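# Structural description and commentary
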Amino acid sequence: MPVSLILACLWALIACAAGMGPRRFHIPAAWVLILTGIPLLGFVTYQAGPVWGLVLLCAGASVLRWPLIRLGQRIRRALFPPRIEDERQ
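What comes next concerns the included structure. Predicted model only: the values in this text are computed from it and were never measured. (Residues numbered from 1 in each chain as written. Predicted model: local features only at pLDDT ≥ 70, side-chain atom pairs only at ≥ 80, totals over all residues. Heavy atoms only, no water.)

### Some words on the nonpolar core
Residues Leu-5, Ala-8, Trp-11, Ala-15, Ala-30, Leu-33, Leu-40, Val-44 and Leu-64 constitute the largest nonpolar core, which totals nine residues. Listed by contribution, the elements that provide at least two residues to this core are helix H1 (3–20) and helix H2 (26–48). Beyond its immediate sequence surroundings of up to four residues, Ala-15 is in contact with Leu-33 and Val-63. (Core = buried A, V, L, I, M, F, W, Y, C linked by side-chain atoms within 4.5 Å. Buried < 20%, exposed > 50% of the residue type's maximum accessible area, 1.4 Å probe, protein only. Helix = DSSP H or I, 4+ residues; strand = E, 2+ residues; numbered from the N terminus. Contact = heavy atoms within 4.5 Å.)

Here it is, written out as structure tokens:
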């Protein structure tokens, strides 16, 4: 088994442990997981191939879904700001 896949499994175990921790540690743990997961994803793709890279990208997105949802909401607000209805009668 390639070293990159072993490291990816270790990353997943740490992500599960962070999810079981107290709520105040979730956001800092998510940032650490994101910062370590991006280079790890590149390493897995380089060493094991693009199929495994896509599998781990989907797995990482399912683990870190709330930061991705919030990012999508911010992008949508930036591109399509909410309209204020004109309340004339």
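### Describing a nonpolar patch on the surface
A cluster of nonpolar side chains, Val-3, Leu-7, Leu-10, Leu-13, Ile-14, Phe-43 and Tyr-46, forms an exposed patch at the surface whose accessible area comes to about 730 Å². Those elements that place two or more of their residues in the nonpolar patch are H1 and H2. The element that contributes the greatest number of residues to the nonpolar patch is H1, accounting for five residues. Structurally, the position occupied by Leu-13 is in helix H1. (Patch = residues over 30% accessible without salt bridge, like charges linked within 9 Å, V, L, I, M, F, W, Y side chains within 5 Å. Areas by Shrake-Rupley, 256 points an atom, 1.4 Å probe, with all protein chains shown as cover. Salt bridge = Lys/Arg side-chain N within 4 Å of Asp/Glu carboxyl O.)

### Let's talk about the side chain of Ser-4
Within the secondary structure, Ser-4 sits in helix H1. You can call Ser-4 buried: its relative accessible area is 0%. Those residues in contact with Ser-4 that sit more than four places away from it in its chain are Leu-40, Phe-43, Val-44 and Gln-47.

### Quick word on the packing of H1 against H2
Contact geometry for H1 and H2: axes closest at 9 Å, N-to-C directions at 165°. Looking at the two axes, H1 sits roughly antiparallel to H2. Considering the relative orientation of H1 and H2, their crossing is left-handed. Here Val-3, Ser-4, Leu-5, Leu-7, Ala-8, Trp-11, Ile-14, Ala-15, Ala-18 and Gly-19 of H1 come into contact with H2, specifically with His-26, Ala-29, Leu-33, Thr-36, Gly-37, Leu-40, Phe-43, Val-44, Gln-47 and Ala-48. The residue inventory of the contact of H1 with H2, partitioned by class, reads 14 nonpolar, six polar and no charged. (Axes fitted to C-alpha atoms, helices over the stretch in contact; angles between N-to-C directions. Parallel < 35°, antiparallel > 145°, perpendicular 65-115°, else oblique. Left-handed = near helix turned anticlockwise from the far one by under 90°. Nonpolar A, V, L, I, M, F, W, Y, C, P; charged D, E, K, R; others polar.)

### Things to note about a positive patch on the surface
Together, Arg-70, Arg-74, Arg-76 and Arg-77 line one region of the surface with positive charge. Within the secondary structure layout, Arg-76 lies in helix H4 (residues 65–79). Given a relative accessible area of 53%, Arg-76 falls into the exposed group. (Lys, Arg positive; Asp, Glu negative; His and termini not counted. Charge placed at Lys NZ, Arg CZ, Asp CG, Glu CD.)

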